[in-house]
Amino acid sequence: PVGSEAMLCFSLGYSSYTLLALRGQLLSDPLWALNELGNFVKIWSCLRAQGVAWIVPLLFSAEIPTAFLDILRMLAENGTSPSSLIWRFFLGAFTTSFVAVK
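Side note on the overall build of the protein
Turning to step 1, where the next piece is worked out: What the protein contains, in helices and strands, is 5 helices and 0 strands.
Turning to step 2, where the next piece is worked out: Ordered by position in the sequence, the α and β elements of the protein form the string α-α-α-α-α.
Turning to step 3, where the next piece is worked out: Taking the principal axes of its C-alpha atoms as reference, the protein extends roughly 50 × 35 × 20 Å.
Turning to step 4, where the next piece is worked out: Per-residue burial over the protein gives 23% buried out of 102 residues.

Some thoughts on the environment of Thr-18
Turning to step 1, where the next piece is worked out: Summarising the element assignment, Thr-18 is placed in helix H1 (residues 4–21).
Turning to step 2, where the next piece is worked out: The spatial distance from the C-alpha of Thr-18 to the C-alpha of Ala-33 is 9.9 Å, given a sequence separation of 15 residues.
Turning to step 3, where the next piece is worked out: Dropping the residues within four chain positions of it, Thr-18 is found in contact with Trp-32 and Glu-36.

Some thoughts on the packing of aromatic side chains
Turning to step 1, where the next piece is worked out: Taken as a whole and assessed by the stated rule, the structure comprises 4 aromatic pairs.
Turning to step 2, where the next piece is worked out: Ring centres 5.1 Å apart and planes at 80° place the aromatic pair Phe-89 and Phe-90 in the edge-to-face group.
Turning to step 3, where the next piece is worked out: Of the residues examined, Phe-89 reaches a relative accessible area of 54% and is grouped as exposed.
Turning to step 4, where the next piece is worked out: Members of the aromatic cluster, joined through ring pairs, are Phe-68, Phe-89 and Phe-90.

Rules used in this analysis
Residues numbered from 1 in each chain as written. Predicted model: local features only at pLDDT ≥ 70, side-chain atom pairs only at ≥ 80, totals over all residues. Heavy atoms only, no water. Helix = DSSP H or I, 4+ residues; strand = E, 2+ residues; numbered from the N terminus. Buried < 20%, exposed > 50% of the residue type's maximum accessible area, 1.4 Å probe, protein only. Contact = heavy atoms within 4.5 Å. Phe/Tyr/Trp six-rings, centres within 6.5 Å; stacked < 30°, edge-to-face > 60°.

Below, the structure written as structure tokens:
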């Protein structure tokens, strides 16, 4: 697909920035560090390989549940009640997208 290489470059930059900005947490949260390093290697290998543009949308569809989970974390930080409508909406969106993608 058109733009897949640009999307991979953007994602590689974001993963690199995340690892650099949160380098203090690499040892305190090893599962997060392993996940970020795995994403970095996945994106790097896709950029180095030829003819893998068709798989990019499939790879990035796995990030949809992560976006909803991040919104839930933001709502929790802001003190939104788990019984509120907006919380239940994003929890439903996370659950549905997680089941659909995984």
